[in-house]
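Report on the structure
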Amino acid sequence: MDLDKIPDIAKYLSVVFLFAWIGRSTVWNFLPVFFKQHVESVFLIGLMTSLPSLVPIFFDIPVGNLVQKVGEKFVILLGLTTAVLPGIMYFTAVPFLLVAGKAFEGLAKVFIWNGGWSLSMKSADEEVESESLSIFLLGVNLAIVIGPIMGGFLIESYGFQLPFMLWIFASAFSILVFYSYIGLEIKQSISDSVEDLLHRKTYSDEWHDVKENWDELWFPFALTFLYSIIFSFYWLAIPLLLDQVGTGYIMMGIIFGVAAIPKVFQFLFGELADRFGRMKVLSGLALLLTPVLVSMSFFTNVLALGVLFFVARTFSSGMSPVIQTEFDARCPDELEGELTGFFEFFKHSGQSIGPTLAGGVASIWSLQVSFLMAAGVAVTILGFSLYGLKS
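Fair warning: this is a prediction, and the values are worked out from it, not measured in the lab. (Residues numbered from 1 in each chain as written. Predicted model: local features only at pLDDT ≥ 70, side-chain atom pairs only at ≥ 80, totals over all residues. Heavy atoms only, no water.)

Digging into the overall build of the protein chain
When helices and strands are tallied, the protein chain shows 18 helices and 0 strands. Every one of the 391 residues in the protein chain was classed for burial, and the buried ones make up 54%. Considering only contacts in the protein chain between residues 6 or more positions apart, those separated by 24 or more positions represent 86%. Carbon together with sulfur atoms contributes 66% to the accessible area of the protein chain, which is approximately 17000 Å² in total. (Helix = DSSP H or I, 4+ residues; strand = E, 2+ residues; numbered from the N terminus. Buried < 20%, exposed > 50% of the residue type's maximum accessible area, 1.4 Å probe, protein only. Contact = heavy atoms within 4.5 Å. Areas by Shrake-Rupley, 256 points an atom, 1.4 Å probe, with all protein chains shown as cover.)

Listed below in structure tokens is the structure:
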């Protein structure tokens, strides 16, 4: 990789996102355990965990349009500012503010990623687009690996309050870094942009194009919906299961950090899909993932659960680039930017269901049974991929 060819904006965004994510990553994976100290119902904790994905369902497409109106830099800055609020709200430990904090997490996510993806891709030449994307994501990937490990030691020694303070400080510092190195530009006045969005038929215009291409698009939409259920299922079930079997915070942090490593290398599965075929790779991953999830419902040994979680994350992380490639192959090039919003809609819909479903099953039966539910979703993905092989 020739770093000189990578646009400076991608490098600066990587540093900004490193600071924006490192503070929250010290405690984010532990939040269900923290919530359990203040909220009695596992089902309610599942609903709270789903909120950051539920919010983008309603805001992804309008914010995407806002990016086109006022520009990426303003939208990213708005997201970085919003990202400070959850840390403050969690620090209070007031149940109502815990819920509000999760909602603001989702809002910050919409602003940051819509603006960040667009600015990074727009600034890169076509021949270095993938390399620019790797650099852009490097800061976040480092944070989600290092952050939980740091957080485990901090929580074990000082409790949850210090990581929340680190969340607030690091998020605020990311705003300063962004403004200092990237700056702020506004294409169109904010009031005019909001007025345009309110008068625009945001959903109906795009939905017309979805309907025209539905015969091709329903398949990747269904796959990303199902995959996202499993992906977000981990957010609730893994922390609570590790806590249930008596895992210390330091060991939890190590498990969370190590299990995040496969996400950094998930592009390798995209290369495998190009070589052997998308549906062959996806069906293989689903077939391998299913018994791992079933096994996790029976083990109570911390080390065994940690290894199984790492293997499960490896197989499930490999699904993401394969499904993304399937969508790219089926989506008309001239509509890809527009229809990506609906692809994200189905992804976030699945992510909002995963923790809620896990919490509901755990409330009625047990956490162990929820892993059997996740295995059932993996079997469904296997069924869809086998259908894709035949069609």
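As for unusual backbone geometry
Most peptide bonds adopt trans geometry, and most residues besides glycine take a negative phi value. For Ala93, which is not glycine, the phi torsion reads 60° and is therefore positive. Position of Ala93 relative to the elements: it lies in the loop between helix 5 (84–92) and helix 6 (95–123).

Thoughts on the packing of aromatic side chains
Per the counting criterion, the structure on display carries 31 aromatic pairs. Ring centres of Phe34 and Phe35 lie 6.1 Å apart, and the angle between their planes is 50°; on these two criteria the pair is classed as tilted. Exposure class is identical for Phe34 and Phe35. Each is buried. What links up through ring pairs into an aromatic cluster is the set Phe30, Phe34, Phe35, Tyr90, Phe160, Phe164, Trp167, Tyr249 and Phe256. (Phe/Tyr/Trp six-rings, centres within 6.5 Å; stacked < 30°, edge-to-face > 60°.)

Topic: the pattern of salt bridges
One pass over the structure, following the stated rule, counts 7 salt bridges. Where Asp243 meets Lys36, a salt bridge forms, and the shortest distance between an N and an O atom there is 2.5 Å. With Asp243 in helix 11 (residues 214–244) and Lys36 in helix 2 (residues 31–36), this pair connects stretches of sequence that are 207 residues apart. Under the relative-accessibility criterion, Asp243 is labelled partly exposed at 22%. In this structure, the salt-bridge partner of Arg278 is Glu326, at a minimum N-O distance of 2.5 Å. Taken together, the residues Arg278 in helix 15 (residues 278–296) and Glu326 in helix 16 (residues 302–330) connect sequence positions 48 residues apart. The class for Arg278 is partly exposed, based on a relative accessible area of 28%. In this structure Glu326 comes out as buried when scored by relative accessible area, which is 5%. (Salt bridge = Lys/Arg side-chain N within 4 Å of Asp/Glu carboxyl O.)

Details of helix 3 (residues 42–70)
Taking 1.5 Å per residue, 29 residues should reach 42 Å; helix 3 reaches 41 Å between its end C-alpha atoms and fits that length. Of all the bends in helix 3, the greatest, near 50°, is centred on Phe59, and the proline Pro62 appears no more than four residues after it. One or two steps after helix 3, the chain reaches Gly71, where phi turns positive at roughly 105°. (Expected span 1.5 Å × (residues − 1). Bend = angle between axes of the 7 residues up to and from the residue.)

Points about the side chain of Arg313
Structurally, Arg313 is set in helix 16. Buried charged residue Arg313 carries no salt bridge. Nearest counter-charge: Glu105, at 14 Å. If sequence neighbours within four positions are ignored, Arg313 has contacts with Tyr234, Ala259, Ala260, Pro262 and Lys263. (Lys, Arg positive; Asp, Glu negative; His and termini not counted.)

Focus: the side chain of Ser50
By the secondary structure assignment, Ser50 is in helix 3. Ser50 sits in the buried class, given a relative accessible area of 4%. In this structure the side chain of Ser50 is engaged in a polar contact, spanning 2.7 Å, whose partner is the side chain of Thr356. Each residue touching Ser50, except ones within four places of it in the same chain, is listed here: Gln351, Ser352, Pro355 and Thr356. (Polar contact = N/O pair within 3.5 Å; in protein donor to acceptor, adjacent residues only side chain to side chain.)

Examining a nonpolar patch on the surface
A cluster of nonpolar side chains, namely Met251, Ile254, Val258, Ile261, Phe265, Phe267, Leu268 and Phe310, defines an oily patch on the protein surface of about 640 Å² accessible area. Only helix 12 (249–259) and helix 14 (267–276) provide two or more residues apiece to the nonpolar patch. Of the residues forming the nonpolar patch, the biggest block, 3 residues, is contributed by helix 12. Inspection of the secondary structure assignment puts Ile254 in helix 12. (Patch = residues over 30% accessible without salt bridge, like charges linked within 9 Å, V, L, I, M, F, W, Y side chains within 5 Å.)

Quick word on the packing of helix 14 against helix 15
Relative orientation of the contacting elements helix 14 and helix 15 amounts to 125°, with a least axis distance of 6 Å. The pairing of helix 14 with helix 15 is recorded here as oblique in orientation. Here helix 14 contributes Phe269, Leu272, Ala273 and Phe276 to the contact with helix 15, which in turn contributes Arg278, Lys280, Val281 and Leu285. Grouping the constituent residues of the contact of helix 14 with helix 15 by class yields 6 nonpolar, no polar and 2 charged. (Axes fitted to C-alpha atoms, helices over the stretch in contact; angles between N-to-C directions. Parallel < 35°, antiparallel > 145°, perpendicular 65-115°, else oblique. Nonpolar A, V, L, I, M, F, W, Y, C, P; charged D, E, K, R; others polar.)

A closer look at the nonpolar core
Judged by nonpolar contacts, the single largest core of 79 residues is most densely connected at Tyr234, Leu289, Leu293, Met319 and Ile381. The biggest single contributor to this core is helix 11, with 18 residues. With sequence-adjacent residues up to four places away left out, Tyr234 is seen in contact with Pro239, Leu289, Leu293, Phe309, Ala312, Arg313 and Ser316. Counting residues in each nonpolar core, the second largest holds 25 residues, with Ile76, Leu80, Leu119 and Phe136 among its members. (Core = buried A, V, L, I, M, F, W, Y, C linked by side-chain atoms within 4.5 Å.)

Here we look at the environment of Ala259
Following the sequence through the fold, Ala259 ends up in helix 12. In sequence terms Ala259 and Phe309 are 50 residues apart; their C-alpha atoms lie 6.7 Å from each other. With sequence-adjacent residues up to four places away left out, Ala259 is seen in contact with Phe309, Phe310 and Arg313.

That's the geometry; what it means functionally is another story.
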